[in-house]
Structures are given as C-alpha cells and as structure tokens.
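# Notes for the structure review
As a plain string of letters, each chain reads:
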Amino acid sequence: MFEARFPEALLLKKILEAIKDLVQDANFECTESGITLQAMDNAHVSLVTLLLRGEGFDLYRVDKPESLGINLNSMSKIMRCAANNDTVTVDKLEGADTVRFLFESPNADRMSEFHLKLMDIDSETLEIPESMYHAEIELPSAELRRIVSDLSTMGDSVRISVSKEGVRFTVRGDEGSGSVILRQSTGVDKPEEAIHIVMNEPVEQSFALKYLNLFCKAAPLSARAQIKLSKDAPLLVNFSMNNIGYLAYYLAPKIGDEDIEE
Amino acid sequence: MFEARFPEALLLKKILEAIKDLVQDANFECTESGITLQAMDNAHVSLVTLLLRGEGFDLYRVDKPESLGINLNSMSKIMRCAANNDTVTVDKLEGADTVRFLFESPNADRMSEFHLKLMDIDSETLEIPESMYHAEIELPSAELRRIVSDLSTMGDSVRISVSKEGVRFTVRGDEGSGSVILRQSTGVDKPEEAIHIVMNEPVEQSFALKYLNLFCKAAPLSARAQIKLSKDAPLLVNFSMNNIGYLAYYLAPKIGDEDIEE
Amino acid sequence: MFEARFPEALLLKKILEAIKDLVQDANFECTESGITLQAMDNAHVSLVTLLLRGEGFDLYRVDKPESLGINLNSMSKIMRCAANNDTVTVDKLEGADTVRFLFESPNADRMSEFHLKLMDIDSETLEIPESMYHAEIELPSAELRRIVSDLSTMGDSVRISVSKEGVRFTVRGDEGSGSVILRQSTGVDKPEEAIHIVMNEPVEQSFALKYLNLFCKAAPLSARAQIKLSKDAPLLVNFSMNNIGYLAYYLAPKIGDEDIEE
C-alpha cells in the first residue's frame, strides 16, 4: 500500500504543468523518504528531477517501495478536476494496476475520485554527480521566465555568460541581436527581487531557448530560481519548494555554438 | 405591434449565449403573457425551453400574438453591440419582415438600432408533461458547470446516479475513470453554496457530456441550477431567473450505456 | 549620432502596436525638432502619420538628420522585451547600419540591449494640406473602438453621417443592418466621456471598417479620439498624446458606396 495526502491540490497541479510538456511518461518512485521522479525529454537533451519529501505531506505511507508509471498528460487532466484548495490523496493498493486520486473539498460537500491506469515505463535512474559549479545565480523565477521568453522572440539559442560585469543573456537572430544583463543587487529593500551572483570563474555557454522556456513553466512553484553553470557540465535550473522538495532541470550546452556565433 | 423593453442588455446577452450553440434558428413566441421559445438541437437529442414573463419587462405590449423566427447567431452578434447596462427595446410592426433592437445608454449619449431579418421556421411546440421526478438536485450552477467540464476531459458520457450516498457523476475513458460525489449540505452558512438532494427513488442514467456542457452555458443566468431525473423521462436541467422566467433544457438518456459501461 | 531617451517603454510599445498591423516597414525621420513617421498601408488606401516632439523626451539629440528604415514587426518584438516602466534609449552612430535599443529597469538591476538592422525603404513624404473639415467629432477613444468593432460583426463598410441629429454610423449586411447614433453631450459631469460635435455642413461618407479597426489599435495611446470629415477629403482620425505629439490616420472614402447602399 502506498498513500500520500497533499494539503492542497494546487502544488501538484503546478508540478504537473511544469513537467508534462517536457516528458510524456515517467515513473514516480515512492520510497519511505519521499517521492522522486527523474526523466529525460524525448530528444534526450534535458533531464528533469523532482523530489517531494515524505515529511512534506499531511499523511505519507509506503509499505513497500513502489514505482508508479504514469502518463503525465492523463494525470494532468485528472489534476485539473481538483479545485485548488481541495486536499488530494493519492493511493495504490499492492498489486493494483491503477492509482487512485481522491479530491476532497474543504467543506466536505464534494468528493471526487479518479482512477488512472499505470504503465510499465523503462527507465534507469542516472546518478547525478554533485558538481562544483563555476557560477551560481539566484534570481526571481518570474524574471528568469521573462528573459527567456523575451529573447525567444529573436532567436533559438541563448548564450549565458557570467563575468565580473554580471550575467549576460545574448541572442542573435536574422533581424538583429539582443542581450539582457543582470547585475548583483546592491540594495536589500525587497529581498524577494534580489539578484545574487556567485562567480568562481568566468563561464560562457549556449543553450536552446526552447528547453529553457519549458523549464520556466516551473516558475509558479517557487518565487526564486537558481541557475548553476559549469564549463564541463550541463546547466542546472532549480526551483526550490521550501521544505517540501524541489523541481530541477539539467540541460546540455549547445556545443560549438559559441564559435559560430562570435 | 410587438414591443418589449429589457432594463439591461446583459440578461438578453446571457440568454443568447446559452442557446445559440445548441440551436441555430428558433421562433420566439410572443403572446400577452410573455415570450417563450422551444427548440430541439440539430440532432434532436435535447430540447431547450425559455420563458420570459411579460411582467418581468419594463414595458411589454403585444397587440396580436407574433412568432418571430430568428437566426440566433445573428441575434447574438447584434446583442454583443449593446453595452451590458444599455436598455434594450425589441419591437416589430405588424406585417414587418424585420425586428428592431434599440439600445440606449443610461446617459442617453449613445443610441444604437439594429434591424434583423425574420425567418420562416417550421416548428411545433411540444407539450411537455409535468413528470414526477425520482430525484431532484439543487446546486450552485458554477459547481454543475465545473463538474461537467472536468469530467469531459476523461470521456464522452457521464452516468448520474442518485442514492442514499448522494449524487454521483461517473465517467469512464481510455486513460482511466473518475467520479464526483456531491452530498446533501448540512451547514447553512452560505445558502448559495448549498447542495440540496431530494430522492424519492434511487435513479441512475447516462448522458452525453457534450450536451450537458452546452446546457451549462446558462450558468451565468442563475446562481443555482436544478437537475431532475426520472427512470422513464429525459433529464431536466433548469436555470431559474428569479421572477422573470427560466431557461430549461431536456436531454434524452443514452440507452444501453449503463450495461456497456459496467 | 542620434540619441533619444523615452522615460517609459510603455508609450513606445503602444505606438508600435498601433502601427505595425497597418504598415510593415517605415522610415523614422529624426530631425532636430523631433521624430516623424509617415507611411501608407500596403493597399495604399490609408496613411498613418506619427509625430514625437523632441522636447517630449528625457534626452534628445540629433547631430545630423537621420532616416531610420525599420521593420516595425521586428521593432515590436524588441519593444515587447522591455518592461513597461523601463527607460528606453534609442541611439545610432553615424554610418552605422543598426539602431540600438537600450532598456534600463528603474532599480538598475537589469539592462537589456538590442540591435536592429536598418533597411533602405523607398518613401516620399506627402504634404498633407490643412483642410477645412465639414464636421469634427471628439469622443472617448474607447467608445470609437467599440462602435467600429461592434459594427464590424455585421458588415464590411460603415457610413458615417453628421447631421443636426448627431453622428450616425450605419452598417448594412446580409443578416440585417445597424446604426449607432452619438449625440452632443449636454452634461459635463465627466468631461473625459463627453462627446463634442462641430458641424459646419452636413456630411456623409462610407469607409472600410477593416481600416477603422486597425486605426483603433491606437486607442490605448489617448483617452480621446478626434474624427474629422470632409466631402472632398479623406477621413482623419487623430489620437493626441498630450504634449508629446500625435498619431493620426487618414482614410480614403469608399466611392460610390452611398448609392449602392441606399
């Protein structure tokens, strides 16, 4: 038996919206410590990892580790049937081939129950080494989403460069070129709008804007986003969900792009 | 001469929006007591009936009963040209082949006048017998719209069952199944959110969600919706407009569906 | 060197939105006194003229008159990358083949820079004679947009007639006909909602609603719109931007339409 109760449907809705356009089917690995999901997109260019800690739930019980293979689009349809403030209980009996979603309204007038067929999904969990990143940026997630969306109107790939000047996002297209420069915040009036830049070494890499746009669908999950860059490693974009866990994305750089674009 | 003045265009706009996607052309029957409309959808599966009592108007005058054959889509376009708080006067001279819509802004600065060509529409008014329903449910119309819309993401038809447990709406689709259960409200904190269930006999029938979705376009007309079910009669979904009248829909059950879906 | 700084990106954004669907490419003529643009639509039926006075800018400098040939769609994409309250600096070095747009956030955390390729655009500036108009109407620009949009649902062209009665906008279509009548405001409660009509002589002309709809994209630029009509001249629709300048459109009447529509 596996059972987990979320205090509010909204969180789970946002998580689904942030993953389903990148990955179609994925295994939710449910163990004593919590729920994890790791999946690559169809093109195998990016990787999404989700952690939801058991202690973040109202109720969390795993008798035996379970791997729930789920079509994320179907699950998203089901989640849309929950009101944002409904409690959500997800459970599965041992041996069952479906998982149940139970939505209960705060005043208990309405209860909804959905059964979703489970799938067998081949997947192997990659061990992601803890890299030392050359540069780390923390910024409002809405700001990141805005930059990525803005620059997408002008081209397909963005070069991110971190230097003493700050962080520069550059795009080149047929009609022209553009760049956005973020500088370390000096004031501390509004800490939630602050931009923090830690640079151990200057670094510069190019990435497909298409994937960054998909990652930024996670912006509603977290007021702040973290970007970590290394010369020899994929980009990491992390959205932390307080004490509950995180949703993080990895993206391979576009090799050779720097030379072409110079 | 026929003449009717509505104090606010908004009501008429909402009525049009609630009918025009179900029925293309219909006769507005204007008699001394008020305006009625009765029409089946193209597939002859559902029936819509509208009543607007003469006393609900600011001014209402019928010298001789008139049957106004109107293309509802054209009338809807005209109604969209009225500001929500414009008064609307609809009139027709005897023998005229057009009906006039006159919109006047509250401050009388702006006046608009539209002439719509009338049509000859074959129709016979069905006598709808007053059934004894096995179960009657009254609920917020927004709640009904939400349930119908939610379940539509998973399948084409919904089974509505009323039992001691309450009312259950069930859908089965390829990806899984879902059901929403409503229970009789116990508290009376917010009477407008209450759910009232009167069951004379348990009843269970299946209906096409497509039509229920179209019926729920009437939700803006009334805060509350009534559903009435009988083993041997069409479903009735009624939206009452206070003392002005009502907009009601009838829908034939899907025969044999229960067996197939078990 | 040409350099102009706008205190807020929003104004420039609105101007682009109001022109780009009518004209693809246009020359911004930058002289000591300010920036002007004049261009005809592709079908050569309408003309748009823009004036931005130099004194309306935070900073304005023109060493030598410059003609900046710009693809308005590309410029609009760039402008969308500015936050509404960013300052915008537009500059171009002498001989350069690109123009630069520099966006700076109020707190100086974020700076964006875009380079747009300039184009050679053939154009000759028409001398527009100052006509004596037979009738002038001033009304809320939202009201004008609404009338034009409403009537577009019923037909392709509108006849505007100014008489003692007021201003009448009439449309005829296959399904029926409609007209909106505006009368001179009598009260002065809300001057921003007032309708002023000056008629030197009755006048009546027909215009393509398609163009009027495009002109009304300028409504966000100005709370008030002015319409000027003459028997022998194009219609003028003017949106005044306080002390900064104006955006005005000219539209040739549909010849012969009056007779056909009678």
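Residues numbered from 1 in each chain as written. Chains lettered and ligands numbered in written order. Predicted model: local features only at pLDDT ≥ 70, side-chain atom pairs only at ≥ 80, totals over all residues. Heavy atoms only, no water.

Let us look at unusual backbone geometry. Residues and elements named next belong to chain A. Within the chain, H44 stands out as a residue other than glycine whose phi angle is a positive 60°. Position of H44 relative to the elements: it lies in the loop between strand 3 (34-40) and strand 4 (46-53). The exposed category is assigned to H44, whose relative accessible area is 56%. Although it is not a glycine, N242 adopts a positive phi angle of roughly 40°. (Helix = DSSP H or I, 4+ residues; strand = E, 2+ residues; numbered from the N terminus. Buried < 20%, exposed > 50% of the residue type's maximum accessible area, 1.4 Å probe, protein only.)

Let us now look at the interface of chain C and chain A. Put simply, an interface is often sized by how much accessible area is lost when its parts join up. Across the contact, 17 residues belong to chain C and 21 residues belong to chain A. Summed over both partners, the interface of chain C with chain A comes to about 1,600 Å²; 42% of that surface belongs to carbon and sulfur atoms. The interface formed by chain C and chain A contains three salt bridges. Across the pair E113 of chain C and R168 of chain A runs a salt bridge whose closest N-O atoms are separated by 4.0 Å. Our count for the contact surface shared by chain C and chain A stands at 12 residue pairs in polar contact (both at pLDDT 80 or more). The leading source of residues in the side of chain C that touches chain A is strand 9 (residues 110-117) of chain C, at eight residues. For the side of chain C that touches chain A, the per-class residue count stands at eight nonpolar, three polar and six charged. (Contact = heavy atoms within 4.5 Å. Buried area = accessible area lost by both parts, 1.4 Å probe. Salt bridge = Lys/Arg side-chain N within 4 Å of Asp/Glu carboxyl O. Polar contact = N/O pair within 3.5 Å; in protein donor to acceptor, adjacent residues only side chain to side chain. Nonpolar A, V, L, I, M, F, W, Y, C, P; charged D, E, K, R; others polar.)

In this section: the packing of aromatic side chains. The full count for this structure, using the stated rule, is 18 aromatic pairs over all chains. Ring geometry for F6 of chain B against F57 of chain B: centres 4.5 Å apart, planes inclined by 80°, an arrangement best described as edge-to-face. Linking F6 of chain B in strand 1 (residues 2-6) with F57 of chain B in the loop between strand 4 (46-53) and strand 5 (59-62), this pair joins segments that are 51 residues apart in sequence. Taken individually, F6 of chain B and F57 of chain B each receive the classification buried, so the pair is uniform in this respect. Consider the rings of F215 of chain C and Y249 of chain C, whose centres lie 4.5 Å apart with planes at 15°: the pair is stacked. Taken together, the residues span a long stretch of sequence, with F215 of chain C in helix 4 (residues 209-215) and Y249 of chain C in strand 18 (residues 245-251) at a distance of 34 residues. Aromatic rings pair up to connect F2, F6, F57 and Y60 of chain A into one cluster. (Phe/Tyr/Trp six-rings, centres within 6.5 Å; stacked < 30°, edge-to-face > 60°.)

With that settled, consider the relation of the copies chain C and chain A. When chain C is fitted to chain A, the residual RMSD is 0.0 Å, and the transformation amounts to a turn of 120° plus an axial shift of 0.0 Å. Here the symmetry operator amounts to a three-fold rotation axis. Taking C-alpha positions as the reference, the residue of chain C nearest the rotation axis is P220 of chain C, at 17 Å. (Least-squares fit on C-alpha atoms with pLDDT ≥ 70 in both.)

A few words on the interface of chain B and chain A. With 21 residues of chain B at the interface, the matching set in chain A holds 17 residues. By the criterion of area lost to chain A, the three top residues of chain B are R146, E175 and R183 of chain B, representing 33% of everything that side buries. Summed over the shared surface of chain B and chain A, the number is two salt bridges. Residue contributions to the side of chain B that touches chain A peak at seven residues, all from strand 13 (residues 176-182) of chain B. Class assignment for the residues of the side of chain B that touches chain A results in six nonpolar, seven polar and eight charged.

Moving on, we come to the environment of Y133 of chain A. Residue and element names in this part refer to chain A. Along the chain, Y133 falls in the loop between strand 9 (110-117) and strand 10 (135-140). Given the relative accessible area of 8%, Y133 is considered buried. Between the C-alpha atoms of Y133 and S230, which are 97 residues apart in sequence, the distance is 4.9 Å. Non-local contacts of Y133, meaning those with residues more than four positions away in its chain, are made with N200, K228, L229, S230, P234, L236 and Y250.

Next up on the list: the sheet that holds strand 5 of chain B. Spatially, the nine strands line up as an open sheet ordered 5(B)-1(B)-7(B)-8(B)-9(B)-13(C)-12(C)-11(C)-15(C), and their pairing is antiparallel. Only two strands of the sheet have a single partner each, and these edge strands are strand 5 of chain B together with strand 15 (203-208) of chain C. Recorded for the sheet is a direction-independent mean angle of 15° between the axes of neighbouring strands. As paired strands, strand 9 (residues 110-117) of chain B and strand 13 (residues 176-182) of chain C are joined by seven bridges and run antiparallel to one another. Considered in strand 13 of chain C, the bridge of S112 of chain B is made with V180 of chain C. The sheet strands contacting helix 3 (residues 141-152) of chain C are strand 9 of chain B together with strand 11 (157-163), strand 12 (166-172) and strand 13 of chain C, and the helix crosses strand 13 of chain C at an angle near 170°. (Pairing = 2+ DSSP bridges. Axes fitted to C-alpha atoms, helices over the stretch in contact; angles between N-to-C directions.)

Residues and elements named next belong to chain A. Relative orientation of the contacting elements helix 1 (residues 9-19) and helix 2 (residues 72-79) amounts to 150°, with a least axis distance of 10 Å. Judged on the interaxial angle alone, helix 2 and helix 1 are roughly antiparallel. Considering the relative orientation of helix 1 and helix 2, their crossing is left-handed. Judged by residue contacts, A9, L12, K13, L16, E17 and I19 of helix 1 engage L72, M75, S76 and M79 from helix 2. Its residues assigned to classes, the contact of helix 1 with helix 2 comprises seven nonpolar, one polar and two charged. (Parallel < 35°, antiparallel > 145°, perpendicular 65-115°, else oblique. Left-handed = near helix turned anticlockwise from the far one by under 90°.)

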